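Listed below, chain by chain, are the residues.
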Amino acid sequence: MNIADLLNETKKTLFSFELLPPLKGGNIKTIYATVDPIMEFSPININVTYHREEVIYKKHPNGLLEPRKVRKRPGTVAISAAIKYKYKVSVVPHIICGGFTKEETENALIDFHFLGIHNLLAVRGDTPKNEKEFIPEPDGNANAVDLVRQIMDMNRGKYSDEELLHTTPTKFSIGVAGYPEKHIESPNLESDLYFLKQKVDAGAEYIVTQMFFDNKKYFDFVKSCRNYGIEVPIVPGLKPVSIKSHINLLPKTFNIDLPQVLAMEIRKCKDNKEARQVGVEWAIKQSKELIAANVPALHFYTMGSSDNIRNIAKAVF
Ligand code: FAD
């Protein structure tokens, strides 16, 4: 099923959600434990994030720290296939620029193609914590637009080895990321829109937004996109606050604001359980308003557990 077609054709707001692969050494059962409780809400798709390696520091007995590269969350291709075949649902694996050469990306895309997975979300990947700016691999993609172009080339049967004959064109449908509160590195919203339009012009068929907690930010963003000539569906991404420390962590990590009313409510909570309930109630309010505005879908970031998403979905779908 082509997700972009569904988003374009739907008359009612659809439901989708996103999973993180478990940390290395984890178990696929943790994925199923997240998916099972929310399958009854008939998601149109389940996204699976993709993760590059990170640098960790191993301390030696002499006190010296040795940097080591570790990919803490591998498994996106296998998890996507496991979910697709177990639940008979469309999956949208993410594919990233950071940490991968174009050839490695091509090989992952070939795996998805052979597995019958034809929907992707193409993103650049974050700047690693130990680096000041995003640096692509030599012969890697520098921005999401380059990744979209690589995927679209494969859709036309063009692989990196130009001498290949009789290649099979892939048939990927591509979503990309958008930022109602602007991407952290962007000098201003207009610059972000300029590059977002490039991604769409290159072949992206829909946009999924970064999380936001004030719907006005989303509505304004959609209006700005339309004024800029970006016409594809824009799916709001929602993440319920689930622990007290999110009040500082989420703005810092994702370059977003938490409205003062929400921040005050979370501050009043005596523990994480109360904060989780506040997060659910806030997300229900957000969701109801977005559904009333006829958004094509609500996309939820689960971050590993789904009891809160279940409560929200129960209240709004
Ligand atoms: P880009 O579109 O490349 O934009 C990055 C920055 O560069 C922006 O400031 C943009 O304005 C600017 N820019 C864009 N194109 C150009 C250009 N051609 N020249 C100069 N500047 C340019 N991260 C992961 O590691 N794995 C995931 O699975 C993942 N999934 C995500 C899903 C969603 C819905 C969202 C919103 C984010 C996700 N991220 C993920 C995080 C994402 O990788 C980061 O936000 C990253 O910093 C930017 O990705 P992008 O695709 O928006 O990049």
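The structure reproduced in this document is the subject of the present report.

## Some details on the site of the ligand
Here is step 1 of the chain: Neighbouring the ligand are 24 residues, the closest being Y50, G125, Y179, D192 and K199.
Here is step 2 of the chain: In the environment of the ligand, an oxygen atom lies 2.8 Å from a nitrogen or oxygen atom belonging to the backbone of G125.
Here is step 3 of the chain: Contacts to the ligand include H183, whose side-chain N or O atom sits 2.8 Å from an oxygen atom.
Here is step 4 of the chain: Across the complex, the protein chains shield 85% of the 970 Å² of accessible surface that the ligand would expose by itself.
Here is step 5 of the chain: The set of elements that each furnish at least two residues to the shell around the ligand consists of β5 (90-96), β6 (119-123), α5 (144-155), α6 (189-202) and β8 (206-211).

## What to know about the packing of aromatic side chains
Here is step 1 of the chain: Inspection of the entire model under this criterion finds nine aromatic pairs.
Here is step 2 of the chain: Ring centres 5.4 Å apart and planes at 85 degrees place the aromatic pair Y50 and F100 in the edge-to-face group. Taken together, the positions of Y50 in the loop between β2 (45-48) and β3 (54-59) and F100 in the loop between β5 and α4 (102-114) put the pair 50 residues apart, joining distant regions of the chain.
Here is step 3 of the chain: Residue class for Y50 comes out buried when judged on its relative accessible area of 13%.
Here is step 4 of the chain: F100 gets classed as buried once you look at its relative accessible area, which sits at 11%.
Here is step 5 of the chain: With 5.7 Å between their ring centres and 65 degrees between their planes, Y218 and F219 make a pair best called edge-to-face.
Here is step 6 of the chain: Judged by its relative accessible area of 4%, Y218 falls in the buried class.
Here is step 7 of the chain: The structure contains a cluster of three or more aromatic residues connected by ring pairs, namely F15, F17, F41, F300 and F317.

## With respect to helix α10 (residues 272-292)
Here is step 1 of the chain: The terminal C-alpha atoms of α10 lie 30 Å apart, and with 21 residues this matches the ideal 30 Å at 1.5 Å per residue to within 8%.
Here is step 2 of the chain: Taken together, the buried positions of α10 are A275, R276, V278, G279, V280, W282, A283, I284, Q286, S287 and L290.
Here is step 3 of the chain: Residues of α10 that are buried sit in contact with α7 (215-227), β9 (234-238), α9 (260-268), β10 (297-301) and α11 (307-316).
Here is step 4 of the chain: Structurally, the start of α10 carries an N-cap: the backbone nitrogen of K273 is 3.3 Å from a side-chain oxygen of D271.

## Describing the sheet that holds strand β7 (residues 173-178)
Here is step 1 of the chain: Around the barrel, which closes on itself, the eight strands sit in the order β1-β2-β5-β6-β7-β8-β9-β10 with parallel pairing between neighbours. The mean inter-strand angle of the sheet, taken between neighbouring strand axes irrespective of direction, is 30 degrees.
Here is step 2 of the chain: In terms of strand pairing, β8 meets β9 through three bridges, oriented parallel. Bridged to V208 within β9 is V235.

## So, a negative patch on the surface
Here is step 1 of the chain: Negative charge collects at one region of the surface, where E103, E104, D139, D161, E162 and E163 lie side by side.
Here is step 2 of the chain: Examined against the element boundaries, E162 turns out to sit in the loop between α5 and β7.

## Considering the pairing of β10
Here is step 1 of the chain: Burial within β10 is extensive, with five of its five residues counted as buried.
Here is step 2 of the chain: Both faces of β10 are covered, namely the face carrying A297, H299 and Y301 and the face carrying L298 and F300.
Here is step 3 of the chain: As defined by bridge partners, strand β1 (residues 14-19) adjoins β10 across five bridges and the pair is classed as parallel. Residue pairing across strands places L14 opposite A297, the latter belonging to β10.
Here is step 4 of the chain: Relative to β10, β9 runs parallel, the two being bridged by two bridges. Residue L238 lies in a different strand from β10, and its bridge partner there is F300.

## What about helix α2 (residues 28-35)?
Here is step 1 of the chain: When we look at burial in α2, the residues that qualify are I31, Y32, T34 and V35. The arc that holds the buried residues of α2, viewed along the axis, is 160 degrees, so those residues lie on one side.
Here is step 2 of the chain: Those residues of α2 that are buried lie in contact with β1, β2 and α3 (76-87).

## Considerations on the packing of α9 against α10
Here is step 1 of the chain: Across the interface, α9 lies against α10 with an axial gap of 8 Å and an inter-helix angle of 155 degrees. The pairing of α9 with α10 is recorded here as roughly antiparallel in orientation. Judged by the twist between their axes, the crossing of α9 over α10 is right-handed. On the side of α9, the interface is formed by V261, L262, E265, I266 and K268, while α10 contributes E274, A275, V278 and W282.
Here is step 2 of the chain: Considering only residue class, the contact of α9 with α10 consists of six nonpolar, no polar and three charged.

Calculation rules
- Residues numbered from 1 in each chain as written.
- Predicted model: local features only at pLDDT ≥ 70, side-chain atom pairs only at ≥ 80, totals over all residues.
- Heavy atoms only, no water.
- Near = heavy atom within 4 Å.
- Polar contact = N/O pair within 3.5 Å; in protein donor to acceptor, adjacent residues only side chain to side chain.
- Areas by Shrake-Rupley, 256 points an atom, 1.4 Å probe, with all protein chains shown as cover.
- Helix = DSSP H or I, 4+ residues; strand = E, 2+ residues; numbered from the N terminus.
- Phe/Tyr/Trp six-rings, centres within 6.5 Å; stacked < 30°, edge-to-face > 60°.
- Buried < 20%, exposed > 50% of the residue type's maximum accessible area, 1.4 Å probe, protein only.
- Expected span 1.5 Å × (residues − 1).
- Contact = heavy atoms within 4.5 Å.
- Pairing = 2+ DSSP bridges.
- Axes fitted to C-alpha atoms, helices over the stretch in contact; angles between N-to-C directions.
- Patch = residues over 30% accessible without salt bridge, like charges linked within 9 Å, V, L, I, M, F, W, Y side chains within 5 Å.
- Salt bridge = Lys/Arg side-chain N within 4 Å of Asp/Glu carboxyl O.
- Lys, Arg positive; Asp, Glu negative; His and termini not counted.
- Charge placed at Lys NZ, Arg CZ, Asp CG, Glu CD.
- Arc of directions from axis to C-beta.
- Parallel < 35°, antiparallel > 145°, perpendicular 65-115°, else oblique.
- Left-handed = near helix turned anticlockwise from the far one by under 90°.
- Nonpolar A, V, L, I, M, F, W, Y, C, P; charged D, E, K, R; others polar.

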